[in-house]
Each structure stands twice: as structure tokens, then as C-alpha cells.
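So the chains spell out like this:
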Amino acid sequence: MRKKIIAGNWKMNKSLEDGLALASEVTNMASDEVSSEVTMIMCTPDIHLSAVSGIAKDATNVTVGAQNMSEHESGAYTGDLSAEMIISAGASFVIIGHSERREYHFETNQQLADRVKLAIAKGLTPIFCCGESLETREANEHVGFVNNQLKESLFDLSAEDMKKVVIAYEPIWAIGTGVTASSDQAQEMHLSIRNSLAGQFGQEVADEISILYGGSMKPANAQELLAQPDVDGGLIGGASLKARDFIDIAKSY
């Protein structure tokens with residue numbers, strides 16, 4: 001049975017004090033209101049990781065992730081974060097290949113492939129992001145584009161390692177724009193991704209992989225999106241910065 005996952009990406013938001021307050025709210029509310037079958041992840045800025053991990057360490061269904069990591073184990077890479085640093089701070093997940101990292105920092109599919117392999121080798125669970133721009137979708141090239149991202153970054157993994165990856169589909173045109181993919185559009189792409197994985201790794205492996213929707217999921221649309229057979233959860237941006245909204249999304253299954 002695939003894991004139900006609601007991951008919050010705080011992006012570059014929240015001071016240390018405000019972040020700890022939010023983490024405490026989310027953890028306390030989740031324990032009272034959210035099913036133990038749902039895993040909630042707070043993907044915080046680097047400065048929050050250790051303290052937020054301390055807040056969530058005794059929670060049964062809340063954990064912590066980083067927003068990015070280096071493909072290098074250590075060395076002269078000023079400003080980067082290694083897998084071992086993330087683990088030592090208490091986190092167990094890491095976002096890899098978010099559309100903003102690809103666009104603003106020109107991260108390549110090969111870099112992301114190296115990061116996924118290193119994350120798995122070190123015991124982190126990568127949340128691998130993929131998705132298309134509005135231009136690509138309007139050209140009706142979105143399926144091929146996303147499949148190529150999967151191929152170039154994930155298809156060198158073994159089947160056993162692939163089962164350790166979480167995928168987040170991000171329609172870039174629906175992030176922070178106020179536009180949301182319809183539930184049918186989300187299902188179409190999630191099924192396409194699962195079929196692509198099945199073609200490479202077999203249906204049994206593909207059926208085990210959680211695929212999250214990362215396009216402006218909110219309490220108002222979460223139930224409809226999560227009802228789709230191949231939408232296993234969400235990678236939440238703005239709504240994860242408000243404890244009530246984040247919790248309400250997690251209660252939408």
C-alpha cells in the first residue's frame with residue numbers, strides 16, 4: 001500500500017522563532033487531528049532543521065525534511081548542504097529537483113541523478129520533483145518532457161532503490177499563480193508518471209511509489225485532488241506556512 005504523504009515546503013520563509021512556533025503548532029495539531037496513516041513532512045530552511053527535528057522527534061506522524069542537498073559528500077562547496085549534515089540535524093527526507101532550483105540555479109538532470117543516488121546511499125528519502133512549464137504544456141509536449149526528467153534522473157537506479165523514492169509532480173504553471181491543475185489533469189500526469197516507472201521498473205515497483213501533487217494544493221481543492229487514484233499526497237507550498245491549512249489538507253483523505 002502506497003504511503004499517504006503531505007509534505008510542506010516552507011521555501012525561504014519564517015524566521016527561526018516563527019518557524020519553531022509553526023512546527024510546534026503543526027506537531028500538536030497533527031497528533032490530535034490527523035490519521036496515523038498520513039505522514040506529514042515539514043521541509044524547512046536549513047537553519048530550522050535541527051530545532052524542528054527536536055520538536056517533531058516524538059511525533060508519530062510528523063517528520064522533517066531539507067529543501068535541497070549537494071551531490072558531493074563533503075568539501076569546498078561553500079553554502080551547500082551535505083546528506084550527512086541533513087541526517088545529523090535529524091531530518092529524514094530531502095527535496096531534490098524542485099522547479100525553482102532547476103530554474104534559478106540551473107540544476108541539471110544529471111546533478112539531480114547524482115543527488116538522488118547519494119541521498120539513498122546515506123539513508124535519506126528523496127522527494128524527486130518533476131514538471132513542465134506553461135509553454136511546454138501548451139505545445140502538448142508535457143508528457144514527453146516529464147518522462148525525460150524521470151529517465152535522465154531516475155532510470156539508472158535499481159528497482160529496490162527506486163522504491164525508496166517519493167515523486168512530486170509540479171505543474172510549474174500552477175505554482176504561486178492562483179491557477180490549479182484540474183483533478184483530471186493531475187490524474188492524467190500522475191498516471192503517466194506511474195506508467196513510465198512501470199515501463200522501466202515493472203508494475204509492482206511503480207505501484208509502491210507515492211506520487212505527490214505539487215501545484216498549489218489548498219484545503220479547498222485537496223479532497224478532490226487526493227481522491228484521484230494515482231494522487232497519493234501533496235507537496236504543499238504556501239498553505240504549509242499556516243498550521244490550520246496544512247492540517248486541514250492532511251485531513252482531506
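In this text the structure is predicted, and so the values were computed from the model without any measurement. (Residues numbered from 1 in each chain as written. Predicted model: local features only at pLDDT ≥ 70, side-chain atom pairs only at ≥ 80, totals over all residues. Heavy atoms only, no water.)

Draft legend 1. Spotlight on helix H2 (residues 49–56). Within H2, the full set of buried residues consists of Leu-49, Val-52, Ser-53 and Ala-56. Around the axis of H2, the buried residues are gathered within 105 degrees of arc, so they sit on the same side. Those residues of H2 that are buried lie in contact with helix H1 (16–33), strand E2 (38–44) and strand E3 (62–66). (Buried < 20%, exposed > 50% of the residue type's maximum accessible area, 1.4 Å probe, protein only. Helix = DSSP H or I, 4+ residues; strand = E, 2+ residues; numbered from the N terminus. Arc of directions from axis to C-beta. Contact = heavy atoms within 4.5 Å.)

Draft legend 2. Focus on the layout of surface pockets. Approximately 600 Å³ is the volume attributed to the largest pocket. Asp-46, Gln-67, Asn-68, Arg-101 and His-105 are, among the 22 residues lining the largest pocket, the residues nearest its centre. Of all the secondary-structure elements, those providing two or more residues to the lining of the largest pocket are helix H4 (99–105) and helix H5 (109–122). Considering every element that reaches the lining of the largest pocket, the biggest residue donor is H4, with 4 residues. Here the lining of the largest pocket is composed, by residue class, of 5 nonpolar, 9 polar and 8 charged. Estimated volume of the second largest pocket: approximately 260 Å³. Considering the residues around the second largest pocket, the lining is formed by 19 residues, among which Lys-11, Ile-175, Ser-216, Gly-237 and Gly-238 are closest to the centre. (1 Å grid on protein atoms, 1.4 Å probe; cavity = no way out; pocket = protein on both sides within 12 Å on 5 of 7 lines; lining within 4 Å. Points joined across faces, edges and corners; volume = space filled by probe spheres on them. Nonpolar A, V, L, I, M, F, W, Y, C, P; charged D, E, K, R; others polar.)

Draft legend 3. Region of interest: the pairing of strand E1 (residues 4–9). With respect to burial, E1 is a largely interior element, 5 of its 6 residues being buried. Relative to E2, E1 runs parallel, the two being bridged by 6 bridges. Bridge pairing in E2 links Gly-8 to Met-42. Each parallel crossover has a hand, and for E1 linked through H1 to E2 it is right-handed. (Pairing = 2+ DSSP bridges. Right-handed = clockwise from strand over helix to strand, strands pointing away.)

Draft legend 4. Spatial organisation of the sheet that holds strand E7 (residues 211–213). Read around the barrel, 8 strands follow the order E1-E2-E3-E4-E5-E6-E7-E8 and close on themselves; strand pairing throughout is parallel. Ignoring strand direction, the axes of neighbouring strands in this sheet form an average angle of 30 degrees. On the sheet, helix H9 (residues 183–201) packs against strand E5 (125–130), strand E6 (166–169) and E7 and is oriented at approximately 155 degrees with respect to E7. (Axes fitted to C-alpha atoms, helices over the stretch in contact; angles between N-to-C directions.)

Draft legend 5. Expanded view of the packing of helix H7 (residues 142–154) against H9. Remark: H7 packs on H9, axes separated minimally by 10 Å, with the N-to-C direction vectors making an angle of 40 degrees. When the axes of H7 and H9 are compared, the pair comes out oblique. In this structure, H7 crosses over H9, and the sense of that crossing is right-handed. For the pair formed by H7 and H9, the contact residues are His-142, Val-143, Val-146, Asn-147, Leu-150 and Leu-154 on the first element and Glu-188, Met-189, Ser-192, Ile-193, Ser-196 and Phe-201 on the second. By residue class, the composition of the contact of H7 with H9 is 7 nonpolar, 4 polar and 1 charged. (Parallel < 35°, antiparallel > 145°, perpendicular 65-115°, else oblique. Left-handed = near helix turned anticlockwise from the far one by under 90°.)

Draft legend 6. Structural view of the side chain of Arg-137. When you line up the elements, Arg-137 lands in helix H6 (residues 134–138). Here the side chain of Arg-137 touches Glu-132 through a polar contact of 2.8 Å, side chain to side chain. Dropping the residues within four chain positions of it, Arg-137 is found in contact with Glu-132, His-142, Tyr-169, Trp-173, Gln-185, Glu-188 and Met-189. (Polar contact = N/O pair within 3.5 Å; in protein donor to acceptor, adjacent residues only side chain to side chain.)

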